[in-house]
Amino acid sequence: MKVATGIRRLDDLLEGGVPPLSATLVYGPPFVGKETFARLFILQGLRNGEPGILVLTNEAAADARDRFLAMDPDFPKYEAAGLIRYVDAYSKAIGLDVDVPGVELVDGPMNLNGLATAVANTQRAIVGLGPTHRLVVDSLSTLITYTNPQTTFRFLQVLIGKTRRAGATALFTLDHGMHTDAEVQMFKHIASGVLSVKPDQGKYLLNIQGIGVAEDRGWVDYKFSDTGFEITGSFAAGRIR
Amino acid sequence: MEREGLGIPQVDRLLSAIPLRSSVVLVNDPGVEAEPFLYQCAHHHLQQGRRVIYAVFNRSPETIVSAMEEYGFGGAAPKGELRFLDAFSALVGGGSDLPGYTLDAPTDLEALAGVLEEIADESPEAVLLLDSLSTLADHASLDAFKAHLPRIHAALKRFRLSVALFTRWPYGEEPAEMLAPFDALLTLKGVEERVMVSQYVRLERAAWAAPGRSRPLLYKALKPGGVLAYVPKVVVTGAHHAGKTTFVHALSDTAVSVNRLGTTVALDHGHLTLDGVAVDVFGTPGQSRFDPLLKTITGQALGVILVVDASRPDTFDRAREMMALTWKQGLPIIVAANKQDLPGALAPQEVARLLEVPAHVQVMGCRAQDKEGSRHVLKALLDQILLGAEAQ
């Protein structure tokens, strides 16, 4: 049983969704909808009663919550049920007060053991809510910037192992243009697959490698906003036209 | 000879007394709480009036102060002085207003060793806390870390006491070998089922102790409260009306019971902190119709207290049955000869004789209503549990 992303035509393309317990890298330049996609992925789980953990390295939990509220009017219900949790490695580092339910604060993105501990604490808090959950790390690029690619890679190796064992299907965002090709390849290598996004002549294109789909099906058009993400390119019988 | 400790009572029992100028390293698995050990150690030595140098490489000195407050280690230290070796701010282009030293090139391990030597010259009686060695390895490179460790370690040995953290990221090399120069090594690990359910600390080696590793000591890091050894289940059992519920409530900081008409029909649960140990206590029902529940209530217990009514020898057969249902050989146990205040109550030695308990089982007189007396019994059991944990 695949894990639906909540974006209907993308799920068609992914033959139902991403594989359970997979770790997908969402890779592309800034401002092309990676964050919206990642949050919709969490929301889809919440709608099905599946807990979600959003690990934030460059956005405050309060802002992420505001975005969720704008995306789904039922979000307060998921919040009241304790389904949504945040690991916020941003607010404390810049001195923001945090008044968001279900948040674990970390004192900065360089404190990787603090980050791993906060994720472990959060998973312990939700483990009774169901056998699986969703986890998003947004973004790896901040961790790499504050540490270095090798250190972040080791962190990710541990995190993927632990979250799989905990029953999590994970997404990690990585910014194009901030890292060398060799560094990007290193992170692609550890992922179950890559969902690449890019702007192209006034349009946005998406490509899937791995993630349980055998063929590379080329690039397909999509559009996005702060609250939505939709595939607009046509495809049939599982293939992009 | 003058000795030192980390200021964490049960961990200090594991370590015995640390000779001056010793270096201790705590090697934690990722996701296991290690930093609170340093916060508590800093607090302890500040309270002793010492200077504490906290070297930090992955977050600001201000966040250390804030974290210490969260764990309950804020407030004034009348004579102590906390200084930072700030090897973080230069990486992010900031600065700290807190007193101490700044490392302008935190990735330069040669420079770090030099600064540590200077601080050791200036403050040889200071306690140095280093958070963390693995961040040094991450910043520089593992090879550079290994190359510079002998000089860094030699500088650490010049302080009154030095305690360092090392997170066991997948470096591809065994930390214990890399960290061989340290005088003592403790490991902090998680007990993982689907997720990490608990954490434990184990002494792997100490230059001043007999060779061999200790058994694991479960711990919790509480905000506030700091690092406490954790005994997740002590079972209090005994015959109907022996005083189990009274005993659990008297010794606990907080307790609840599932009662009907004054009799426990499911269990009693209490929680308390005693001598740096957090304990969860579970009381069983005493009536035989609840015997099927006992296996569930007593599963994975670390120790048993058998409460008997010392004024009612006619209940001892049932007490023996309860002991058989809840205790197995090797598990720490204490018999609490309760109701010593009642006329005709038997002395503990007589209770031991009539109950026919094995010779090594300690029988202690008590009055269950008396908090101190009940805690005295529990403390004797905890000593058995934790001394067992220290056995080589």
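Just above sits the structure.
As the structure is a prediction and not an experimental result, all values here were calculated from the model. (Residues numbered from 1 in each chain as written. Chains lettered and ligands numbered in written order. Predicted model: local features only at pLDDT ≥ 70, side-chain atom pairs only at ≥ 80, totals over all residues. Heavy atoms only, no water.)

A.B. asks: Where do I start with the sheet that holds strand β6 (residues 168-175) of chain A in this structure?
C.D. replies: Hydrogen bonds along the backbone pair up the strands of a sheet, which may run parallel or antiparallel. Residues and elements named next belong to chain A. Read from one edge of the open sheet, 10 strands run β4-β3-β2-β5-β6-β1-β7-β8-β9-β10, paired in mixed fashion. Each edge of the open sheet carries a strand with a single partner, namely β4 (103-105) and β10 (229-231). Strand-to-strand twist in this sheet, taken as the mean axis angle between neighbours without regard to direction, amounts to 20°. Pairing of strand β7 (residues 193-200) with strand β8 (residues 203-210) involves 8 bridges; the strand directions are antiparallel. From the neighbouring strand, Asp-200 faces β8, where its bridge partner is Lys-203. Sheet strands in contact with helix α7 (residues 149-166) are β1 (23-28), β5 (133-138) and β6, and its direction is about 155° off that of β6. (Pairing = 2+ DSSP bridges. Helix = DSSP H or I, 4+ residues; strand = E, 2+ residues; numbered from the N terminus. Axes fitted to C-alpha atoms, helices over the stretch in contact; angles between N-to-C directions. Contact = heavy atoms within 4.5 Å.)

A.B. asks: Quick question: what am I supposed to make of the side chain of B:Asn338 here?
C.D. replies: All names here are of chain B. Structurally, the position occupied by Asn-338 is in strand β17 (residues 333-338). One polar contact links the side chain of Asn-338 to the main-chain carbonyl oxygen of Ala-242, over a distance of 2.8 Å. Apart from residues lying up to four places away in sequence, Asn-338 is in contact with Ala-242, Gly-243, Val-307, Val-308, Asp-309, Ala-310, Ser-311, Cys-366, Arg-367 and Ala-368. (Polar contact = N/O pair within 3.5 Å; in protein donor to acceptor, adjacent residues only side chain to side chain.)

A.B. asks: What exactly am I supposed to notice about helix α5 (residues 109-122) of chain B here?
C.D. replies: Residues three or four positions apart in an α-helix share a direction because the helix packs 3.6 residues into each turn. Residues and elements named next belong to chain B. In this model, α5 (14 residues) spans 20 Å end to end at C-alpha, consistent with the 20 Å of a helix rising 1.5 Å per residue. For α5, the complete set of buried residues consists of Leu-109, Leu-112, Ala-113, Gly-114, Val-115, Leu-116, Ile-119 and Ala-120. Tucked inside the fold, the buried residues of α5 contact β4 (51-56), β5 (81-86), β6 (100-102), β7 (127-131), α6 (133-139) and α7 (142-156). Near the N-terminus of α5, the side chain that reaches the backbone nitrogen of Glu-110, with its oxygen 3.1 Å away, is that of Asp-108. (Expected span 1.5 Å × (residues − 1). Buried < 20%, exposed > 50% of the residue type's maximum accessible area, 1.4 Å probe, protein only.)

A.B. asks: Help me out: how do you make sense of the environment of B:Lys146 in this one?
C.D. replies: Note on placement: B:Lys146 falls in helix α7. If we skip the residues at most four places from it in the chain, B:Lys146 touches B:Glu173 and B:Met178.

A.B. asks: Looking at this structure, I do not really get the pairing of strand β3 (residues 84-88) of chain A. What am I missing?
C.D. replies: The side chains of a regular strand alternate, residue by residue, between the two faces of the sheet. Residues and elements named next belong to chain A. With 4 of 5 residues buried, β3 lies mostly within the body of the structure. In terms of strand pairing, strand β2 (residues 52-56) meets β3 through 5 bridges, oriented parallel. Counterpart to Gly-52 in the pairing with β3 is Ile-84. Where β3 lies against β4, 3 bridges are found, and the strand directions are parallel. Opposite Asp-88, over in β4, you have Leu-105 as the bridge partner.

A.B. asks: Explain the nonpolar core here, please?
C.D. replies: Counting 71 residues, the largest nonpolar core has A:Phe172, B:Leu85, B:Leu133, B:Phe145 and B:Leu179 as the members making the most contacts within it. Residue contacts for B:Leu179: discarding those within four places in its chain leaves B:Val25, B:Val27, B:Leu133, B:Phe145, B:Leu149, B:Phe166, B:Leu185 and B:Arg205. By size, the runner-up hydrophobic cluster in this structure holds 70 residues, among which are B:Val11, B:Ala67, B:Ala229 and B:Val248. (Core = buried A, V, L, I, M, F, W, Y, C linked by side-chain atoms within 4.5 Å.)

A.B. asks: Explain a nonpolar patch on the surface to me, please; I cannot follow it from the model alone.
C.D. replies: Taken together, the side chains of A:Tyr146, B:Leu91 and B:Val92 define a hydrophobic patch exposed on the protein surface, amounting to about 230 Å² of accessible area. Mapped onto the fold, B:Val92 is located in helix α4 (residues 89-92). In this structure B:Val92 comes out as partly exposed when scored by relative accessible area, which is 36%. (Patch = residues over 30% accessible without salt bridge, like charges linked within 9 Å, V, L, I, M, F, W, Y side chains within 5 Å. Areas by Shrake-Rupley, 256 points an atom, 1.4 Å probe, with all protein chains shown as cover. Salt bridge = Lys/Arg side-chain N within 4 Å of Asp/Glu carboxyl O.)

A.B. asks: What am I meant to see in unusual backbone geometry here?
C.D. replies: All names here are of chain A. With an omega of 5°, the peptide bond between Asp-138 and Ser-139 qualifies as cis. Inspection of the secondary structure assignment puts Ser-139 in the loop between β5 and α6 (140-146). One non-glycine residue, Gln-201, lies in the positive phi region at around 50°. Relative to the helices and strands, Gln-201 is located in the loop between β7 and β8.

A.B. asks: Whenever I open this one, the packing of α5(B) against α7(B) confuses me. Can you help?
C.D. replies: Helix packing geometry: the angle between the two helix axes and the distance between the axes. Residue and element names in this part refer to chain B. α7 packs onto α5 with a crossing angle of 5° between their chain directions and a minimal axis gap of 9 Å. Here α7 runs roughly parallel to α5, going by the angle between their axes. Seen from α5, the contacting residues are Leu-109, Glu-110, Leu-112, Ala-113, Gly-114, Leu-116, Glu-117 and Ala-120; seen from α7, they are Ala-144, Phe-145, His-148, Arg-151, Ile-152, Ala-155 and Leu-156. Taken together, the residues of the contact of α5 with α7 break down into 10 nonpolar, 2 polar and 3 charged. (Parallel < 35°, antiparallel > 145°, perpendicular 65-115°, else oblique. Nonpolar A, V, L, I, M, F, W, Y, C, P; charged D, E, K, R; others polar.)

A.B. asks: Teacher, can you tell me more about empty space enclosed by the protein here?
C.D. replies: In this approach, a probe sized like a water molecule rolls over the atoms, and the result shows the empty space that is left. This model, assessed by the stated rule, comprises 2 cavities of 30 Å³ or more. Its boundaries defined by the atoms lining it, the largest cavity holds a volume of some 160 Å³. What lines the largest cavity is a set of 19 residues, among which A:Met110, A:Leu112, B:Asn58, B:Ser132 and B:Thr135 lie closest to the centre. At the level of secondary structure, the elements contributing two or more residues to the lining of the largest cavity comprise α5 (112-126) of chain A together with α6 and β8 (161-167) of chain B. For the lining of the largest cavity, the element with the highest residue contribution is α6(B), accounting for 4 residues. Broken down by class, the residue content of the lining of the largest cavity amounts to 5 nonpolar, 11 polar and 3 charged. Its volume calculated, the second largest cavity comes out at about 80 Å³. The wall of the second largest cavity is formed by A:Ala116, A:Val119, A:Ala120, A:Gln123, A:Leu159, A:Lys162, B:Pro30, B:Gly31, B:Glu192, B:Arg194, B:Val195 and B:Met196. (1 Å grid on protein atoms, 1.4 Å probe; cavity = no way out; pocket = protein on both sides within 12 Å on 5 of 7 lines; lining within 4 Å. Points joined across faces, edges and corners; volume = space filled by probe spheres on them.)

Any link to function would need more than the numbers given here.
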